[in-house]
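Tertiary structure, described
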Protein chains: 2
Amino acid sequence: MKIKVIESVLKDNDAVAQTNRSTMNAAGLLSLNITSAPGSGKTMLLEKTITALGPDAPCAVLVGDLQTSRDAQRLAGCGAATVQINTGRGCHLSAAQISAGLGSVDLSQIAYLFIENVGNMVCPAGFDLGEHKRIAMLSVPEGDDKVAKYPTLFQPADLIILNKIDLAELLEFDVEQVRADLARINTRAPLLLLSVRTGEGMEKWFEWLDACRTDTTGRKD
Amino acid sequence: MKIKVIESVLKDNDAVAQTNRSTMNAAGLLSLNITSAPGSGKTMLLEKTITALGPDAPCAVLVGDLQTSRDAQRLAGCGAATVQINTGRGCHLSAAQISAGLGSVDLSQIAYLFIENVGNMVCPAGFDLGEHKRIAMLSVPEGDDKVAKYPTLFQPADLIILNKIDLAELLEFDVEQVRADLARINTRAPLLLLSVRTGEGMEKWFEWLDACRTDTTGRKD
């Protein structure tokens, strides 16, 4: 009985996700759903990305949080069209919330649409939002055992970012453990080692974004 | 309709939690439900705590993870009676899982029963497991905005631990921001600043544990 309810919720979600995907395809933009634990550095990555891309590649962000509009304020300050989605007690974004968010952005003006999911390594993994690509982010202070412990987050990802790599030595973080665990569950997604704070590795991120946009939309700046 | 199902799940959970609480009261132990994001340092806190308490205050741990028994192996290595609860895709522990776990520990021998919840700042907050006290843990690398963003985790806590305090200066973490946000939602719980890794502040943790056990069980070593 309980399982039936969950299946029905997921089925409804997937139908809306499909509509979102069509909407975003028609607009010719690339959409990315970024998932991670709280505090991995999603918002700071987007701040630096939006600023670096500048007016030639305008960005929009749909940002999910239980409470507050702090992230949206930070991102709007960088020049992105930003929609804050407060989920209250909700532990993930749903396709319906994204659908509502898309309605308040002029998509024809946007090159990249970032979806910053609720900070949570479990629940967002199960919900398709209609994104073109999914990014799973991990940060060094969280520990090198997290890929093995949260495989549902890392399995469906198209890109895996390991952030705060500048702290790896101090915190005795074993990158090879992460590589070994990923080799068991996801050999498709590249692993990017970077530090949003220091800038290390950021050029690879921009290369990936650019190639991904060209592949998905056929557009190139 | 959906709300009714959720209410019913929570009502069922609360009834089992009440039974768990009675079981643990009868055993004369103190039980603590520790909640945090992934990688805040729950397991390392328990490793050091179990080792320091030693055979005079025997510990048991029920540890929740989606996958792997890594945490249970680490904790059993410290001498605690340990039960690993794998939740699969489940984003929190439930009272029924705790009830099953309690059945496989000789509670009469235990002074402290720790419940290490699934690493998740959202979902575990809503589920009473029958614990005597709830601990919410935050770590410095997650950022000083997390109390405001995840109030449902910090509101019901009896103790709030800010771990990895040794990284505060490097990461420009504002402890006063955390204090100010806590002042708005929870003025009941003390805030402990500590570093499990360096040992800073750990004596306050042991004092709190000891006082809490005496208050709850009437026992004192």
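A few points on the structure. (Residues numbered from 1 in each chain as written. Chains lettered and ligands numbered in written order. Predicted model: local features only at pLDDT ≥ 70, side-chain atom pairs only at ≥ 80, totals over all residues. Heavy atoms only, no water.)

This brings us to the interface of chain A and chain B. Accessible area lost when the parts come together is the quantity often used to give the size of an interface. In this assembly, 38 residues from chain A lie in contact with 38 residues from chain B. Looking at the side of chain A facing chain B, the largest losses of area belong to P38(A), R70(A) and K149(A), adding up to 20% of the total buried there. Here chain A and chain B share 6 salt bridges between them. Across the pair K149(B) and D65(A) runs a salt bridge whose closest N-O atoms are separated by 3.5 Å. At the boundary of chain A and chain B, one finds 10 residue pairs in polar contact (both at pLDDT 80 or more). For the side of chain A that touches chain B, the secondary-structure elements that each account for two or more residues are α1 (2-27), α3 (70-76), α5 (146-149), α6 (151-154) and α7 (175-185) of chain A. Here the side of chain A that touches chain B is composed, by residue class, of 17 nonpolar, 8 polar and 13 charged. (Contact = heavy atoms within 4.5 Å. Buried area = accessible area lost by both parts, 1.4 Å probe. Salt bridge = Lys/Arg side-chain N within 4 Å of Asp/Glu carboxyl O. Polar contact = N/O pair within 3.5 Å; in protein donor to acceptor, adjacent residues only side chain to side chain. Helix = DSSP H or I, 4+ residues; strand = E, 2+ residues; numbered from the N terminus. Nonpolar A, V, L, I, M, F, W, Y, C, P; charged D, E, K, R; others polar.)

Here the focus is the sheet that holds strand β4 (residues 112-116) of chain B. Residue and element names in this part refer to chain B. Strand order in the open sheet formed by 7 strands is β3-β2-β4-β1-β5-β6-β7, and the pairing between neighbours is parallel. Only two strands of the sheet have a single neighbouring strand rather than two, namely β3 (81-86) and β7 (191-193). Within the sheet, the average angular offset between the axes of one strand and its neighbour, ignoring direction, is 20°. Of the pairings in the sheet, the one linking strand β6 (residues 159-163) to β7 comprises 3 bridges and is parallel in character. Counterpart to I160 in the pairing with β7 is L191. In the packing of helix α7 (residues 175-185) onto the sheet, the strands contacted are β5 (133-139), β6 and β7, and the crossing angle to β7 comes to about 165°. (Pairing = 2+ DSSP bridges. Axes fitted to C-alpha atoms, helices over the stretch in contact; angles between N-to-C directions.)

Residue and element names in this part refer to chain A. In terms of residue burial, strand β1 (residues 30-36) counts as a mostly covered element, since 7 of its 7 residues are buried. Covered by surrounding structure in β1 are L30, L32, I34 and S36 together with S31, N33 and T35, the residues of both alternating faces. Sheet analysis places β1 next to strand β4 (residues 112-116), joined by 5 bridges and oriented parallel. What sits directly across from L32, in β4, is F114. As paired elements, β1 and strand β5 (residues 133-139) share 5 bridges and run parallel to each other. Across the sheet, the residue bridging to L32 is K133, located in β5. (Buried < 20%, exposed > 50% of the residue type's maximum accessible area, 1.4 Å probe, protein only.)

Bringing the packing of aromatic side chains into the picture now. All names here are of chain B. The final tally for this structure, using the stated rule, is 4 aromatic pairs over all chains. Ring centres of W205 and W208 lie 6.1 Å apart, and the angle between their planes is 10°; this geometry places the pair in the stacked category. Here the residue W205 and the residue W208 both occupy positions in helix α8 (residues 202-217), the gap between them amounting to 3 residues, near one helical turn. The residues W205 and W208 share a single accessibility class, namely buried. (Phe/Tyr/Trp six-rings, centres within 6.5 Å; stacked < 30°, edge-to-face > 60°.)

Taken together, the buried positions of α7(A) are V175(A), V178(A), D181(A) and L182(A). In a view along the axis of α7(A), the buried residues occupy a sector of 125°, so they form one face of it. In this structure, α7(A) carries E176(A) and R184(A) as exposed residues pointing more than 90 degrees from its buried face. Where the residues of α7(A) are buried, they touch β5, α5, α6, β6 (159-163) and β7 (191-193) of chain A together with α3 (70-76) of chain B. (Arc of directions from axis to C-beta.)

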